Amino acid sequence: MNTTGPTSTRDRSWRSRRLDPDRSLGLRLTLAAIAAVLVLVPFALLALLVLGAWPPLLRLDASVTDAFHGYALAHPAWVRAMTVWTHVFGPGPLRVAAAVVVVWLLRRRAPRLAVWVVTTMVVGGLLGALLKLLVGRNRPDLLEPVARAAGYSFPSGHALNAALAAGVLLLVFLPFARHSRAGRVALWTAAALLTVVTGLSRIALGVHWTSDVVGGWVLGVAVVAATAAGFATWRTGVGHRPARPLREGVEPELADPGPEGRRA
């Protein structure tokens, strides 16, 4: 029976395309780009609702702020704890932490990864500052404020930078836990706590609306997803295989011993 006809040839061609790493990478990048766009859609919708002063959103923001503010007035220790957290994990300290990671990456001879960290933090920070000016939303104006903050409100810079830093640190250090489920869980838990508690501290202190914080979170996730997708293209230029970022980080070779791992 002849198995070398046109059908067999087409089947082999389809299999070779399916196993082609370049095509596999292209599919991964397409999916990553789609994911980044999908994350930006809710942010754009939220920004439009804020700009349009949509009544249901304003009522939700006001009710959450009132509830947190009432609790804060009755619990000074809670206010102190949230104040300490919001200062320790503010944009400045998180940028310093990112800079320390960049220096560490350069010492490990991982310049591409260091550039990705810088790019993600800078692009996210600039976008947040620009959007604050474009939206021009005022902060909550409370009769008995427990904290004060300057500048516009949407999106929350603390929430945005917490999401950026958590995403960056998670994707940088996941390679060291890719063979340990407990290690991955610990890293994901730390990233989630950093992001969520930092955002909530801004609502608890009455210096941001809930939608400001949600906007910062969503924008931060979108920026990390977009820059990680771009980095995936860059790293394949030196022959590395496509990575599984959510499991092994953006540069799995970083944890490998020897010269190759240090030059990741």
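Going by an unreviewed UniProt entry, the protein carries the name Phosphatase PAP2 family protein and comes from Micromonospora robiginosa.

Trainee: Can you help me understand the overall build of the protein in this one?
Mentor: Within the protein, the regular secondary structure consists of 11 helices and zero strands. When the helices and strands of the protein are read in sequence order from the N terminus, they spell out α-α-α-α-α-α-α-α-α-α-α. A burial count over the protein gives 40% of its 264 residues as buried. Taking the contacts inside the protein whose residues are at least 6 apart along the sequence as the reference set, 75% of them involve residues at least 24 apart. Taken as a whole, the protein presents about 14200 Å² of accessible surface, with 68% of it coming from carbon and sulfur.

Trainee: What am I meant to see in helix α5 (residues 91-107) here?
Mentor: A turn of α-helix holds 3.6 residues, and therefore any two residues three or four places apart point the same way. Its 17 residues place the ends of α5 24 Å apart at the C-alpha level, agreeing with the 24 Å of an ideal helix rising 1.5 Å per residue. All of the buried residues in α5 are Pro91, Leu94, Ala98, Val101, Val102 and Leu105. Along α5, the residues classed as buried sweep out an arc of 105 degrees about the axis, all on the same side. Exposed side chains of α5 directed beyond 90 degrees from the buried face belong to Val96, Val100 and Arg107. On its buried side, α5 packs onto α6 (111-135), α7 (157-173) and α8 (181-204). In the stretch just after α5, arginine 109 is the one whose phi turns positive, near 60 degrees.

Trainee: What's the story with the UniProt feature "transmembrane region" (unreviewed entry) in the protein in this structure? I'm lost.
Mentor: According to UniProt, the "transmembrane region" (unreviewed entry) feature falls on residues 25-54, 84-106, 113-135, 155-174, 186-208 and 214-234. Here residues 84-106 is 91% helix and 0% strand, with 31 Å between the C-alpha atoms at its ends. Helix makes up 85% of residues 155-174 and strand makes up 0%, while its end C-alpha atoms are separated by 28 Å.

Trainee: Looking at this model, I keep getting lost on the packing of helix α4 (residues 76-88) against α8. Mind explaining?
Mentor: Each pair of packed helices gets described by two things: the angle between the helix axes and the distance between those axes. Across the interface, α4 lies against α8 with an axial gap of 9 Å and an inter-helix angle of 125 degrees. Comparing their axes, α8 and α4 come out oblique. Once α4 is placed against α8, the crossing between them reads as left-handed. Where α4 approaches α8, its residues Trp78, Met82, Trp85 and Thr86 are matched on the opposing element by Leu193, Leu194, Val197, Thr198, Ser201, Arg202 and Ala204. Residues of the contact of α4 with α8, tallied by class, amount to seven nonpolar, three polar and one charged.

Trainee: Explain the side chain of aspartate 212 here, please?
Mentor: Along the chain, the position of aspartate 212 falls in helix α9 (residues 210-235). Residue class for aspartate 212 comes out buried when judged on its relative accessible area of 0%. Those residues in contact with aspartate 212, other than ones at most four positions away along the chain, are Arg137, Ser153, Phe154, Pro155 and Ser156.

Trainee: Is there a simple way to explain the packing of aromatic side chains in this structure?
Mentor: By convention here, two paired aromatic rings are described through the distance between centres and the angle between planes. Summed over all chains, the structure comprises seven aromatic pairs. Measuring from centroid to centroid gives 5.6 Å for tyrosine 71 and tryptophan 78, while their planes differ by 85 degrees, and the two rings are edge-to-face. Using a relative accessible area of 42% as the deciding quantity, one classes tyrosine 71 as partly exposed. Here tryptophan 78 falls in the partly exposed class, since its relative accessible area comes to 29%.

Trainee: Looking at this structure, I do not really get the pattern of salt bridges. What am I missing?
Mentor: Side-chain pairs of opposite charge can arise whenever the charged atoms involved come near each other. Counting across every chain of the model gives three salt bridges. With its nearest N and O atoms 2.7 Å apart, the salt bridge here joins aspartate 212 to arginine 137. Note that aspartate 212 is positioned in helix α9 and arginine 137 in the loop between α6 and α7, a separation of 75 residues in sequence. Each member of the pair, aspartate 212 together with arginine 137, is buried. Because the salt bridges share partners, they merge into one network encompassing Asp61, Arg137 and Asp212.

Trainee: Before we go on, may I ask you to explain the environment of tryptophan 188 in this structure?
Mentor: By the element assignment, tryptophan 188 lies in helix α8. Through-space distance from the C-alpha of tryptophan 188 to that of leucine 170 is 7.0 Å; in sequence the pair is 18 residues apart. Every residue in contact with tryptophan 188, bar those within four places of it in the chain, is listed here: Leu170, Leu174 and Leu246.

Trainee: Explanation requested: the confidence of the model for the protein in the structure shown.
Mentor: The predicted coordinates ought not to be read in detail in places where the model reports low pLDDT. Residue-level pLDDT values for the protein average 84, and 80% of them are 70 or greater. Counting contacts from residues 1-22, a segment whose pLDDT is below 50, to residues more than four positions away or on other chains yields four contacts.

Cut-offs used in this document
- Residues numbered from 1 in each chain as written.
- Predicted model: local features only at pLDDT ≥ 70, side-chain atom pairs only at ≥ 80, totals over all residues.
- Heavy atoms only, no water.
- Helix = DSSP H or I, 4+ residues; strand = E, 2+ residues; numbered from the N terminus.
- Buried < 20%, exposed > 50% of the residue type's maximum accessible area, 1.4 Å probe, protein only.
- Contact = heavy atoms within 4.5 Å.
- Areas by Shrake-Rupley, 256 points an atom, 1.4 Å probe, with all protein chains shown as cover.
- Expected span 1.5 Å × (residues − 1).
- Arc of directions from axis to C-beta.
- UniProt positions renumbered as here; feature names shortened; annotations may be inferred.
- Axes fitted to C-alpha atoms, helices over the stretch in contact; angles between N-to-C directions.
- Parallel < 35°, antiparallel > 145°, perpendicular 65-115°, else oblique.
- Left-handed = near helix turned anticlockwise from the far one by under 90°.
- Nonpolar A, V, L, I, M, F, W, Y, C, P; charged D, E, K, R; others polar.
- Phe/Tyr/Trp six-rings, centres within 6.5 Å; stacked < 30°, edge-to-face > 60°.
- Salt bridge = Lys/Arg side-chain N within 4 Å of Asp/Glu carboxyl O.
- pLDDT = per-residue confidence, 0-100.

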